[in-house]
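# An overview of the molecular structure
Single-letter residue listing:
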Amino acid sequence: MWTLSGFADEISSDLGQQCDLLDKLGMRNLEFRSVDGINVADLTDEQLAAVKQTLDARGIGVTCIGSPVGKSEITADYEDAKLARSLRAAQVLESPFVRVFSFFLPAGDDPARHRDEVLRRMSHLASAAGSADVTLVLENETKVYGETPQRCVDIIESVGSPALRATWDPANYVHAGLAPFTDAYPLVRPYLVHMQIKDCAKDGAGNLPAGQGDGQIPETLAALRDSDFDGVFSLEPHLSQGMFSGPELFTTAANAFTGLLTDAAVQWK
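Attention here is on the structure that accompanies the text.

## Let's talk about the nonpolar core
- Core analysis: the biggest nonpolar cluster contains 76 residues, and F32, M122 and F257 have the highest contact counts within it.
- Among the elements that take part in this core, helix α4 (residues 115–131) stands out by supplying six residues, more than any other.
- Once residues within four sequence positions are removed from consideration, M122 is found in contact with V100, F101, S102, F103, L138, I155, V159 and L164.

This is the structure:
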């Protein structure tokens, strides 16, 4: 049975309001990225403990920590503190996964120039995660080294650690000029444990509810169902400005995606 989750800070910055809407939608999990406008990597142990207490009281689990690790320039100094705090958050909130990125490249540079440094950094991340008994999921963010499926797979295979797997953002592949299912799925599927549900149109019109854009989400769901996938699907709709959707648009996104799950005859929890 697939697990449905979501970046609940797209609902509200207030954790109680996030939980209220998740209750209404029948969702028992969230992806934890921020609360009260504070990024997860900046929360103290005391703040994390308060979050854990609230979530436990509401019966809501954490499927992944939406960390900012690796969402920085490859030419900048690396911040170990953000990694340490993100792994700590995963331990306190009992999350199996921490999302990471593979570093922004200077505009116009050949990605091959930075491969060795990316692999060095990603190996360091995976080693720390393995020691913390946490699995990192690598996102195909635009303009980072792992923007393409080939380079995502290169990172995972070259690092060679079970603590580094893949997440999948179809909208980001569309932004990179790719057809996600056609161009990326066959390559990334062996490493895929987590999905981020965001759709968009290739004409650049903006983000859309799942199934209404060019992210090939229905095709991907069918293939995952037929390959006995058993992982997490996390709503990250971005239907308003920035990383926000608000309660109404988050509900629209949830209904669109669960409708696709129904069409695919997939059960979720």
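Okay, back to it.
## Side note on the sheet that holds strand β12 (residues 232–235)
- With respect to topology, eight strands assemble into an open sheet ordered β1-β12-β9-β8-β7-β6-β5-β2, the strand pairing being parallel. With partners counted over all chains shown, the strands left at the sheet margins are β1 (3–6) and β2 (29–32), one partner each. Taken pair by pair, the neighbouring strands of this sheet meet at an average axis angle of 30°, ignoring direction.
- Each of β8 (164–168) and β9 (192–197) touches helix α7 (residues 180–188); the most contacted strand, β8, lies at about 165° to it.

## Notes on the side chain of S102
- Of note, S102 is situated in the loop between β6 (97–100) and α4.
- Within the local environment of S102, its side chain forms a polar contact with the backbone nitrogen of G146, the two atoms lying 2.7 Å apart.
- Once you skip the residues sitting within four places of it in the chain, S102 turns out to touch G70, V118, M122, L138, V144, Y145, G146 and I155.

## Thoughts on the pattern of salt bridges
- Per the counting criterion, the structure on display carries 20 salt bridges.
- Two residues, E141 and K71, come together in a salt bridge whose shortest N-O distance is 3.3 Å. Note that E141 is positioned in the loop between β7 (135–138) and α5 (149–159) and K71 in the loop between β5 (61–65) and α3 (80–92), a separation of 70 residues in sequence.
- The exposure class assigned to E141 is buried, which follows from its relative accessible area of 11%.
- Accessibility expressed as a relative area gives 37% for K71, which makes it partly exposed.
- Taking the shortest distance from any N to any O, the salt bridge between R225 and D226 comes out at 2.9 Å.

## Notes on the side chain of S5
- By the element assignment, S5 lies in strand β1.
- Polar contacts involving the side chain of S5 include one to the side chain of T63, which spans 2.8 Å.
- Leave out the neighbours within four places in its chain, and S5 touches M27, N29, L30, E31, T63, V232, F233, S234 and L235.

## Observations concerning the packing of aromatic side chains
- Enumeration over the complete set of coordinates arrives at eight aromatic pairs.
- Considering the side-chain rings of Y78 and F103, the 6.0 Å spacing of their centres and the 70° angle between planes classify their relative orientation as edge-to-face. Residue Y78 is found in the loop between β5 and α3, and its partner F103 is found in the loop between β6 and α4; the two are separated by 25 residues along the sequence.
- When its relative accessible area of 23% is taken as the criterion, Y78 is described as partly exposed.
- Residue F103 is classed as buried on the basis of its relative accessible area of 0%.
- Measuring from centroid to centroid gives 6.1 Å for W168 and Y185, while their planes differ by 75°, and the two rings are edge-to-face. Of this pair, W168 sits in strand β8 while Y185 sits in helix α7, placing them 17 residues apart in sequence. As far as the burial class goes, W168 and Y185 line up, both buried.

So, how was this worked out
Residues numbered from 1 in each chain as written. Predicted model: local features only at pLDDT ≥ 70, side-chain atom pairs only at ≥ 80, totals over all residues. Heavy atoms only, no water. Core = buried A, V, L, I, M, F, W, Y, C linked by side-chain atoms within 4.5 Å. Buried < 20%, exposed > 50% of the residue type's maximum accessible area, 1.4 Å probe, protein only. Helix = DSSP H or I, 4+ residues; strand = E, 2+ residues; numbered from the N terminus. Contact = heavy atoms within 4.5 Å. Pairing = 2+ DSSP bridges. Axes fitted to C-alpha atoms, helices over the stretch in contact; angles between N-to-C directions. Polar contact = N/O pair within 3.5 Å; in protein donor to acceptor, adjacent residues only side chain to side chain. Salt bridge = Lys/Arg side-chain N within 4 Å of Asp/Glu carboxyl O. Phe/Tyr/Trp six-rings, centres within 6.5 Å; stacked < 30°, edge-to-face > 60°.

Just geometry here; none of it tells us what the structure is for.
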